[in-house]
Each structure stands twice: as structure tokens, then as C-alpha cells.
Amino acid sequence: MKKIFWITGAFSGIGKAAAILLVSEGHTVFATSRSMEKLDQIAQQTAGMPGKLFVIPGDISNHAEVERVYEEIIKQAHPDVLINCAGITSFKKAEDDNLPDILSVINTNLLGSVFCIKAVLSGFIRKGGGHIINIQSIAATKVLTQSSIYSASKAGLLAYSRVLREEVRKHNIKVTDILPGATITDIWSKNVLDKYSERMMSAEEVAEVILQVTGDKTNLVYEEVILRPRLGDL
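Residues numbered from 1 in each chain as written. Predicted model: local features only at pLDDT ≥ 70, side-chain atom pairs only at ≥ 80, totals over all residues. Heavy atoms only, no water.

## Description of the overall build of the chain
So, point 1. For the chain, the count of helices and strands is 7 helices and 9 strands.
So, point 2. Oriented by its inertia axes, the alpha-carbon framework of the chain measures out at about 45 × 40 × 35 Å.
So, point 3. Counting only contacts in the chain whose residues sit at least 6 apart along the sequence, the fraction spanning at least 24 positions is 70%.
So, point 4. Working note: accessible area of the chain is about 11300 Å², and carbon and sulfur atoms make up 53% of it.
So, point 5. Side-chain charges in the chain split into 26 positive and 26 negative, and the spacing between the mean points of these groups amounts to 4 Å. (Helix = DSSP H or I, 4+ residues; strand = E, 2+ residues; numbered from the N terminus. Contact = heavy atoms within 4.5 Å. Areas by Shrake-Rupley, 256 points an atom, 1.4 Å probe, with all protein chains shown as cover. Lys, Arg positive; Asp, Glu negative; His and termini not counted. Charge placed at Lys NZ, Arg CZ, Asp CG, Glu CD.)

Right under this line is the structure:
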């Protein structure tokens with residue numbers, strides 16, 4: 001069965017790979033990010049594919065922006081699946097993180113994801129089903145130095161998801177958290193990618209897992225999926 005997806009952070013990395021794969025499989029995808037230029041590039045890449053891609057720029061760290069984007073989406077279709085992919089980081093020691101860094105990471109990774117979940121939740125409850133997928137990080141459960149605020153944002157979202165999952169089971173709403181290890185995305189510096197990319201997973205590999213967990217397995221839900229490179233963490 002073909003579905004309607006809303007993907008945040010769709011301009012690059014896992015979000016972009018997931019959007020392209022899902023459209024290639026015939027699904028409808030509403031792709032959002034802050035960069036309209038990069039969204040247009042994805043639209044060009046998916047032109048002629050079996051599914052449909054709609055692009056809507058917006059900043060999920062701003063609650064009013066999330067509400068505006070969601071209103072634009074539901075004018076055309078009601079999503080079956082929300083995929084929270086938007087994420088940023090600050091590779092600094094805790095003592096070096098400044099207030100703008102802290103607020104930016106928390107507002108995007110944690111609050112932005114919660115804003116998007118809140119936007120779709122009442123609609124999912126009314127129609128008796130839906131699927132929320134949060135692209136987390138292994139940093140939510142493992143101690144990684146120079147990632148304290150990023151880890152906090154992901155751990156907070158994971159805790160939120162675990163509670164939410166129990167609350168919405170009765171509404172036939174699935175909540176899945178995917179926790180990838182090192183993946184080739186723009187979140188890493190060029191130096192890190194040059195040194196370690198051969199050991200990392202690709203965004204396309206993670207997108208294949210997203211496709212798998214959204215399959216129609218009526219009485220099965222993937223709750224927490226941990227993904228690591230074959231040789232382990234960096």
C-alpha cells in the first residue's frame with residue numbers, strides 16, 4: 001500500500017536518501033527543510049519517479065513554522081508517516097559549548113521533533129493510526145565525548161518517544177526510533193569524512209531500513225532499531 005510521508009531535514013543525509021528512495025517506490029513525500037534551493041535539487045532528482053515529491057521550506061525549531069508547514073501539507077493530503085530527520089550538532093567539549101550552540105541543538109533536535117509530532121498526533125488519533133519515526137543517534141545511549149549537548153538532545157527525544165509509544169498504542173499509532181552509528185552525512189567535518197568514510201554506513205543504507213520499518217506488518221512494530229557500521233563505532 002502506498003503511503004504519504006512527511007520528512008523533516010530532507011535536504012541532505014538520511015532525510016534526502018529516504019525521500020528519494022520512498023518516491024522511487026511510488027510513495028508520496030512532503031519534504032521540508034530550511035533550504036528551498038536544496039529541496040528543489042531533490043525535486044529534480046525525483047522527477048519521473050513513480051511517486052510524488054512536494055517541497056515545503058520551513059524551520060522546525062520554530063513552532064509557528066511547524067504549524068504553517070503542517071497546514072500546507074494537509075491542504076493536499078494527510079500524512080500516514082512522520083519521519084523526523086532534521087538534526088544538527090556541536091562537536092565541542094561541554095565547557096566550550098556556548099548558549100547559542102546549546103539552544104540551536106536543543107531547539108532543532110529535541111523541541112523541533114516534538115513540535116512535528118504534536119502537529120500530526122491529533123490527526124493520527126482521529127483516523128485511528130499512523131507512524132512516527134525518529135532518526136536518533138547511537139549518542140542517545142552511548143557516551144561520546146565532545147557531543148554532550150547533541151547526546152542530551154537525542155537522549156531527551158528517545159525518552160519522550162518511549163513514553164509516547166506506550167500512550168498511543170491504543171490508537172494504533174506506531175513509534176519507531178532508529179539509532180544509527182557513524183553515517184556519511186554533512187553533520188561531519190570534511191576531515192572526519194576523509195579519514196573515516198570507508199568505515200561509515202551510507203545514508204542510503206539507513207534509508208533502506210526506514211523503508212523496511214514502514215512496511216505493512218499489521219501486528220508488528222519496530223520500536224528501537226540500532227544500526228552500526230560493520231566494524232563498530234569509530
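## Notes on a negative patch on the surface
So, point 1. Among the surface-exposed residues, E25, E204, E205 and E208 lie close enough to one another that they form a single negatively charged patch.
So, point 2. Of note, E208 is situated in helix α7 (residues 203-213).
So, point 3. Overall, the relative accessible area of 45% leaves E208 in the partly exposed class. (Patch = residues over 30% accessible without salt bridge, like charges linked within 9 Å, V, L, I, M, F, W, Y side chains within 5 Å. Salt bridge = Lys/Arg side-chain N within 4 Å of Asp/Glu carboxyl O. Buried < 20%, exposed > 50% of the residue type's maximum accessible area, 1.4 Å probe, protein only.)

## Here's the deal with the layout of surface pockets
So, point 1. Volume-wise, the largest pocket comes out at about 1000 Å³.
So, point 2. Lining the largest pocket are 42 residues, with F91, Y150, T185, I187 and W188 positioned closest to its centre.
So, point 3. Secondary-structure elements contributing two or more residues to the lining of the largest pocket are α1 (13-24), α5 (148-168) and α6 (190-196).
So, point 4. When residues of the lining of the largest pocket are assigned to their parent elements, the largest contribution, 3 residues, is made by α1.
So, point 5. The calculated volume of the second largest pocket comes to roughly 340 Å³.
So, point 6. Lining the second largest pocket are 16 residues; nearest its centre among them are K3, G130, N172, K174 and D216. (1 Å grid on protein atoms, 1.4 Å probe; cavity = no way out; pocket = protein on both sides within 12 Å on 5 of 7 lines; lining within 4 Å. Points joined across faces, edges and corners; volume = space filled by probe spheres on them.)

## Quick word on the packing of aromatic side chains
So, point 1. Scanning the entire structure with this criterion turns up 3 aromatic pairs.
So, point 2. Geometrically, the ring pair formed by F30 and F54 is stacked, given 4.9 Å between the ring centres and 15° between the ring planes. One end of the pair, F30, is in strand β2 (residues 28-33); the other, F54, is in strand β3 (residues 52-57), with 24 residues separating them in the sequence.
So, point 3. What makes F30 buried here is its relative accessible area of 1%. (Phe/Tyr/Trp six-rings, centres within 6.5 Å; stacked < 30°, edge-to-face > 60°.)

## Examining the environment of D233
So, point 1. Here D233 shows up in the segment after β9 (224-227).
So, point 2. For the pair formed by D233 and G181, sequence separation is 52 residues and the distance between their alpha carbons is 6.5 Å.
So, point 3. Beyond its immediate stretch of four places on either side in the chain, D233 contacts K142, R199 and R228.
So, point 4. At 2.7 Å, the side chain of D233 and the side chain of K142 are in polar contact. (Polar contact = N/O pair within 3.5 Å; in protein donor to acceptor, adjacent residues only side chain to side chain.)

## A word on the packing of helix α4 (residues 99-127) against α5
So, point 1. Following both chains from N to C, one finds α4 and α5 inclined at 15°, their axes separated by 8 Å at the closest point. Taken as axis vectors, α4 and α5 run roughly parallel relative to one another. α4 and α5 meet at a crossing whose hand is right-handed. When α4 is examined against α5, the residues I102, V105, I106, N109, L110, S113, V114, I117, K118 and L121 are found in contact with a partner set consisting of I149, Y150, S153, K154, G156, L157, Y160, L164 and V168. (Axes fitted to C-alpha atoms, helices over the stretch in contact; angles between N-to-C directions. Parallel < 35°, antiparallel > 145°, perpendicular 65-115°, else oblique. Left-handed = near helix turned anticlockwise from the far one by under 90°.)

Shape is all these values report; function is a separate question.
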